[in-house]
Amino acid sequence: HVLCYIGAPGRGRLYPRDMAPISPFDSSVQGGDATWEGIRIYNGRIFHLNRHLNRLFRSARALGFDMDGRKIHTREEITDAIFRTLAANG
């Protein structure tokens, strides 16, 4: 089964996709009041991770998400979640 990382800053965890408390296919996750960035893995390496994260944070700022009040994940939390998810899914 596929695992996905879902959670608020400081409280995220991995869930089996079919048991996630919010569907990864929910419109707010996929394209509503949210930002998202698709990443690719080539030969076990994330392709241009920093570029993806920079774009993600620019999008969050453009939508007015609170960056300093900690209502969104930090770059480190996102990076950790990505690597945890990749490791859990092999």
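Model, not experiment: these values are computed from the prediction.

A.B. asks: Go over the overall build of the protein with me, naming the residues and quoting the values.
C.D. replies: Assigned secondary structure in the protein consists of three helices and four strands. Secondary structure elements in the protein, listed N-terminal to C-terminal, are β-β-α-β-β-α-α. Across the 90 residues in the protein, those meeting the buried criterion constitute 22%. Contacts in the protein between residues at least 24 apart in sequence constitute 42% of all its contacts with a sequence separation of at least 6.

A.B. asks: So what about the nonpolar core? Which residues, and what values?
C.D. replies: Grouped together as the largest cluster of nonpolar side chains are nine residues: I46, L49, L53, L56, F57, A60, I72, I78 and I82. Elements supplying a minimum of two residues to this core: helix 2 (49-62) and helix 3 (75-88). The element contributing the most residues to this core is helix 2, with five residues.

A.B. asks: Account for the side chain of T85, naming residues and giving values.
C.D. replies: Counting through the fold element by element, T85 comes out in helix 3. A polar contact of 2.7 Å, which involves the side chain of T85, links it to the backbone oxygen of A81. The contact partners of T85, leaving out residues within four places of it in the chain, are L3, Y5 and L14.

A.B. asks: Provide a residue-level description of helix 2, including the pertinent values.
C.D. replies: Taking 1.5 Å of rise per residue, 14 residues should cover 20 Å, and helix 2 covers 20 Å from first to last C-alpha, within 8% of that figure. All of the buried residues in helix 2 are L49, H52, L53, L56, F57 and A60. Along the axis of helix 2, the buried positions cluster into a sector of 130°, meaning they face one direction only. Opposite the packed face of helix 2, turned more than 90 degrees from it, sit the exposed residues N50, R51 and A62. In this structure, the buried residues of helix 2 make contact with strand 4 (45-46) and helix 3. Positive phi shows up at G64, right after helix 2, with a value of about 80°.

The rules behind each value
Numbering of residues starts from 1 in each chain and follows the order in which that chain's sequence is written. Only residues with pLDDT of 70 or above have their local features reported here, since the model is predicted, and side-chain atom pairs are shown and tallied only from 80 upward, although totals for entire chains, interfaces and linings are computed over all residues. Heavy atoms from the whole structure form the basis of all side-chain values; hydrogens and water molecules are not counted. Helix and strand definitions here come from DSSP, where helices need a minimum of 4 consecutive H or I residues and strands a minimum of 2 consecutive E residues; each element is numbered from the N-terminal end. Each residue is placed in one exposure class: buried if its accessible area under a 1.4 Å probe, protein chains only, is under 20% of its type's maximum, exposed if it is over 50%, and partly exposed if it falls in between. Contacts are assigned to residue pairs that have any heavy atoms within 4.5 Å of one another. Residue types Ala, Val, Leu, Ile, Met, Phe, Trp, Tyr and Cys, when buried and joined through side-chain atoms within 4.5 Å, form a set referred to as a nonpolar core. We call two N or O atoms a polar contact when they sit within 3.5 Å, provided that within protein one can donate a hydrogen and the other can accept it, with sequence-adjacent residues counted only if both atoms are side-chain atoms. The span one expects for a helix is its residue count, reduced by one, times 1.5 Å. Picture the helix axis, draw a direction to every C-beta atom, and the arc is the one those directions span.

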